[in-house]
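Chain by chain, the residues:
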Amino acid sequence: MYKLIKTEGHARRGEFKTVHGTVQTPAFMNVATVAAIKGGLSAFDLKNIGCQVMLCNTYHLHLRPGDEVVRDMGGLHKFTRWDGPILTDSGGFQVFSLASLRKIKEEGVTFNSHIDGRRIFMGPEESMRIQANLGTTIAMAFDECIKNPAEHDYAKDSCARTVRWLKRCKTELTRLKHEGLAVNPDEMLFGINQGCCFDDLRIDHMKEIAELDLDGYSIGGLAVGEPAEEMYRVISVVEEHMPKDKIRYLMGVGTPGNILESIRRGVDLFDCVMPARNARHGHLNTWNGVINIRNAKYERDDSPIDPECDCEVCRNFSRSYLRHLFKADETLALRLGVMHNLYFYNKLLEKCRHALDEGTFESFYSKYVTLLDQRI
């Protein structure tokens, strides 16, 4: 399913074939948590801005509208009208970060919904059933997301539990597909590497889950407050032990600079709420750095957000108009800002792929790794 086309150092250029289409990697997945991009974008907008993969969330969709509703409506692809690959997060991160009064047992986690407070239980089997109902292309395994930093002994026990849960996820998803209970009978399963910033735990955990021969492997538990250099160090430590013939996904990362650093260390797939969230606050990406469109200096600026960008927003609207929309709290400001930033991220990954094809990624990385993250 994953084909490694070529490498430049540790950086990888590849293709990932799924039943819903082939993903050219490295790639950025656009986050549609509740089956919609915040800022008023639809599946058709995503197609127009060059999106390859849409990411939705198991926890949120289970609570609202309910995964059985989505199943009865034909699955996420029919529900949203997105026809490309969809990855669903397992819900683990949200259970541990949003839910209150959670209680962890070997069976799974009991928690209170952050919406209405009702008690809910989710474990490996429940997460797989929900994702099978959603009809996703790629299901993420249910894992325990612990605070980083954490005590070594607790992190070690958590890694062991995550492995046990991963094996249960694999067994349950296999059963659901075999018995015709999955909307997508070709649903894939990715495992998640954990271990905080402890090298020994990260390596041992990666070796153990690699033996399960999953469809892909993710690095989780990073970009949660640790210094960027520590994150890069952990990626390098883990990458050495990840299967070379499987796709690699770094969860929840990040800035353009973070992505370039991670591609250079061998990562294939990324997701992050940052480009859409920043856009909704007026922070827009350009090829010279990040601008705050609310600044007074743009009041009479007739140029586009980025003269180097050919997105629909930059082709048609001025900085002056965008600033006016944001200052007037117009909904259109959010839509146009998010469209631009997501286009920028997808174009960045396209340029990375082209550089890898041409054998010039190292020079591309050197030019942009610091530039793109600076505030101007």
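Residues numbered from 1 in each chain as written. Predicted model: local features only at pLDDT ≥ 70, side-chain atom pairs only at ≥ 80, totals over all residues. Heavy atoms only, no water.

How do you make sense of unusual backbone geometry when you look at a structure like this?
For the bond from T25 to P26, the omega torsion is 5 degrees, close enough to zero to count as cis. Considering the arrangement of structural elements, one finds P26 in the loop between β3 (21–25) and β4 (27–31). Here the bond from V253 into G254 is cis, since omega is 0 degrees, no more than 30 degrees from zero. Counting through the fold element by element, G254 comes out in the loop between β13 (247–250) and α10 (256–264). Even without being glycine, A35 reaches a positive phi, approximately 70 degrees. Relative to the elements of secondary structure, A35 occurs in the loop between β4 and α1 (43–48). The buried category is assigned to A35, whose relative accessible area is 19%. At D329, a position not held by glycine, the phi torsion is positive, near 55 degrees. We classify D329 as exposed; its relative accessible area is 65%. (Helix = DSSP H or I, 4+ residues; strand = E, 2+ residues; numbered from the N terminus. Buried < 20%, exposed > 50% of the residue type's maximum accessible area, 1.4 Å probe, protein only.)

Explanation requested: the packing of helix α7 (residues 152–178) against helix α8 (residues 199–210) in the structure shown.
Helix-helix packing is characterised by the crossing angle of the two axes and by the distance between the axes. Contact pair α7 / α8: the axes reach a minimum separation of 11 Å and the direction vectors enclose 10 degrees. With respect to each other, α7 and α8 are oriented roughly parallel. Residues H152, A155, K156, C159, T162, V163 and L166 of α7 lie in contact with α8, whose contacting residues are D200, L201, H205, E208 and I209. Class assignment for the residues of the contact of α7 with α8 results in 6 nonpolar, 3 polar and 3 charged. (Axes fitted to C-alpha atoms, helices over the stretch in contact; angles between N-to-C directions. Parallel < 35°, antiparallel > 145°, perpendicular 65-115°, else oblique. Contact = heavy atoms within 4.5 Å. Nonpolar A, V, L, I, M, F, W, Y, C, P; charged D, E, K, R; others polar.)

Before we go on, may I ask you to explain the side chain of D215 in this structure?
Within the element layout of this structure, D215 appears in the loop between α8 and β12 (216–219). A polar contact of 2.8 Å, which involves the side chain of D215, links it to the backbone nitrogen of L189. Those residues within four positions of D215 in sequence are excluded, and the remaining contacts are M1, F16, M188, L189, F190, K246 and I247. (Polar contact = N/O pair within 3.5 Å; in protein donor to acceptor, adjacent residues only side chain to side chain.)

Help me out: how do you make sense of the pattern of salt bridges in this one?
Two side chains of opposite charge can pair, provided their charged atoms sit close to one another. Per the counting criterion, the structure on display carries 23 salt bridges. The shortest N-O distance in the salt bridge between K347 and E350 comes to 3.4 Å. In this pair, K347 and E350 are both assigned in helix α14 (residues 331–358), 3 residues apart and thus about one turn of the helix distant. Among the ionic contacts, a cluster of salt bridges with common partners joins E126, R129, E172, R175 and E179. (Salt bridge = Lys/Arg side-chain N within 4 Å of Asp/Glu carboxyl O.)

Just to check I follow, could you spell out the sheet that holds strand β6 (residues 86–89) for this structure?
Strands in a sheet are paired, the pairing made by backbone hydrogen bonds, and the direction either parallel or antiparallel. Taking strand neighbours around the barrel as the criterion, the 8 strands line up as β4-β5-β6-β10-β11-β12-β13-β14 in a closed arrangement whose pairing is parallel. In this sheet, adjacent strand axes meet at a mean angle of 30 degrees when their direction is disregarded. Across 3 bridges, the pairing between strand β10 (residues 138–140) and strand β11 (residues 188–193) is parallel. Residue pairing across strands places A139 opposite L189, the latter belonging to β11. Packed onto the sheet, helix α6 (residues 124–134) meets β6, β10 and β11 and runs at close to 160 degrees relative to β10. (Pairing = 2+ DSSP bridges.)

Help me understand the environment of I247 in this model?
The topology assignment puts I247 in strand β13. Here the alpha-carbon distance between I247 and L4, two residues 243 residues apart in the chain, equals 8.9 Å. Contacts of I247, omitting those with residues within four sequence positions, involve Y2, R12, F16, T25, F190, D215, G216, Y217, D268 and L269.

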